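Residues per chain are reported as follows:
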Amino acid sequence: MRACGCLLLVPIALGCTMKDPTQSDATAEDRERMVREQITARGVRDPRVLAALSRVPRHELVPEAVRAHAYEDRPLPIGFDQTISQPYVVAYMTEQLQLSGDERVLEIGTGSGYQAAVLAELAREVFSIEIVAPLGERARADLARLGYRNVQVRVGDGYRGWPEQAPFDAIIVTAAPGHVPQPLIDQLAVGGRLVVPVGGVYQELLLLSRDADGIHEERLIDVRFVPMRGEAERLE
Ligand code: SAH
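Predicted model, so just to flag it, every value in this text is computed and none were measured.

**As for the site of the ligand**
Item 1. The full set close to the ligand counts 26 residues, and S112, E130, D157, G158 and R229 are the nearest of them.
Item 2. A distance of 3.0 Å is found between a nitrogen atom of the ligand and a side-chain nitrogen or oxygen belonging to E107.
Item 3. Contacts to the ligand include Q115, whose backbone N or O atom sits 3.0 Å from an oxygen atom.
Item 4. Protein chains shield 99% of the accessible area of the ligand, which is 580 Å² for the free molecule.
Item 5. Among the secondary structure elements, those contributing two or more residues to the shell around the ligand are strand 2 (82-84), strand 3 (104-108), helix 5 (114-122) and strand 4 (125-130).
Item 6. Top element by residues in the shell around the ligand is strand 2. It accounts for three residues.

**Quick word on the nonpolar core**
Item 1. In this structure, L53, L99, Y114, V118, Y148 and V151 are the most contacted members of the largest nonpolar core, which totals 50 residues.
Item 2. With seven residues, helix 5 is the single largest residue contributor to this core.
Item 3. Leaving out residues up to four positions away in the same chain, L99 has contacts with R48, V105, L119, L122, A123 and A170.
Item 4. Counting 21 residues, the second largest nonpolar core, distinct from the first, contains F127, Y159, I171 and V198.

**Notes on the pairing of strand 7 (residues 188-199)**
As a general feature of sheets, a regular strand has side chains that alternate between the two faces.
Item 1. Counting buried residues along strand 7, nine of its twelve residues qualify, which places the element largely inside the surrounding structure.
Item 2. Of the pairings in the sheet, the one linking strand 6 (residues 168-173) to strand 7 comprises four bridges and is parallel in character. In the sheet register, F168 faces strand 7, and the bridge partner there is L188.
Item 3. Where strand 7 meets strand 8 (residues 203-211), seven bridges bridge the pair, whose relative direction is antiparallel. In the sheet register, V198 faces strand 8, and the bridge partner there is E204.
Item 4. Two successive antiparallel strands, strand 7 and strand 8, enclose a turn made up of three residues.

**Some words on the pairing of strand 3**
Item 1. Within strand 3, five of the five residues are buried, leaving the element largely enclosed by the surrounding structure.
Item 2. Burial along strand 3 is two-sided: the residues R104, L106 and I108 and V105 and E107 are all buried.
Item 3. Pairing analysis gives five bridges linking strand 3 to strand 4, with the strands arranged parallel. By the bridge assignment for strand 4, L106 is matched with F127.
Item 4. When strand 3 meets strand 6, the two strands line up parallel, connected through four bridges. Paired with I108 across the two strands is V173, which belongs to strand 6.

**Quick look at the layout of surface pockets**
Item 1. In this structure, the largest pocket spans a volume of roughly 590 Å³.
Item 2. Every residue lining the largest pocket is counted, 35 residues in all, and those nearest its centre are T83, T174, A175, F225 and V226.
Item 3. Going through the elements one at a time, strand 2, helix 4 (87-96), strand 3, helix 5 and strand 4 are the ones with two or more residues in the lining of the largest pocket.
Item 4. It is strand 2 that provides the largest number of residues to the lining of the largest pocket, a total of three residues.

**Observations concerning helix 5**
Item 1. Counting buried positions along helix 5 gives eight out of nine residues, so the element sits mostly inside the fold.
Item 2. Listing the buried residues of helix 5 in full gives Y114, Q115, A116, A117, V118, L119, A120 and L122.

**Some points on unusual backbone geometry**
Item 1. Going from A166 to P167, the amide bond is cis rather than trans, its omega being 0°.
Item 2. With respect to the secondary-structure elements, P167 resides in the loop between strand 5 (151-155) and strand 6.
Item 3. At D81, a residue that is not glycine, the phi angle is positive and equals roughly 60°.
Item 4. Summarising the element assignment, D81 is placed in the loop between strand 1 (76-79) and strand 2.

The rules behind these values
Residues numbered from 1 in each chain as written. Predicted model: local features only at pLDDT ≥ 70, side-chain atom pairs only at ≥ 80, totals over all residues. Heavy atoms only, no water. Near = heavy atom within 4 Å. Polar contact = N/O pair within 3.5 Å; in protein donor to acceptor, adjacent residues only side chain to side chain. Areas by Shrake-Rupley, 256 points an atom, 1.4 Å probe, with all protein chains shown as cover. Helix = DSSP H or I, 4+ residues; strand = E, 2+ residues; numbered from the N terminus. Core = buried A, V, L, I, M, F, W, Y, C linked by side-chain atoms within 4.5 Å. Buried < 20%, exposed > 50% of the residue type's maximum accessible area, 1.4 Å probe, protein only. Contact = heavy atoms within 4.5 Å. Pairing = 2+ DSSP bridges. 1 Å grid on protein atoms, 1.4 Å probe; cavity = no way out; pocket = protein on both sides within 12 Å on 5 of 7 lines; lining within 4 Å. Points joined across faces, edges and corners; volume = space filled by probe spheres on them.

Just geometry here; none of it tells us what the structure is for.
Shown next, in the form of structure tokens:
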């Protein structure tokens, strides 16, 4: 009770907003507007993705200084020269993964943990790797505080994926390498889908899918992500 700041006499239905911050706080309205004006309006249709975006408290995953802007149509700084993606980009990339609830998903670039939370709403298990230790640690703590128990965050270079947990039904890369890391392709299950922005300052979002015949590649939209650090840079 104390952690929630609730008075003992407050009826249970009104209590502990921290336990389910999506239910009773005013930001639910901001999220509804965000989904309507930024996401649905631009053509994202998967009802599960829209529901996840309506639920995840984005304002709880960004630094306090930018909290007031959490539901605006833009990326935001999260410290260490990194950014949380614009909500539309999160929705679009998530929709491309076609998650139905049973998948094991790998994310490269945990950042704020927002994309990981969206994935956690839509899949069975999420594994996320962040190269900047304080960001990874902050995201791990925030995701735990918000009650996401099906996300594991590892601090390290995501270029080589997470072989101990492979294969994955879906892989999402949210920092841009100059080429698709081969270890990530290798860790994609048959029937799996990988979305990754590839390029320099501006990038093309690629969708790689694996079926019984092998790997198929499709070009999606133009995007702008921060560069992938570590081994990806050395191998350019
Ligand atoms: N998905 C994040 C936004 C990602 S910003 C969110 O929802 O907030 C890109 C992140 O990728 C940054 O935090 C950056 O530090 C991280 N990153 C860059 N190169 C990486 C690498 N090689 N392995 C893992 N993370 C990396």
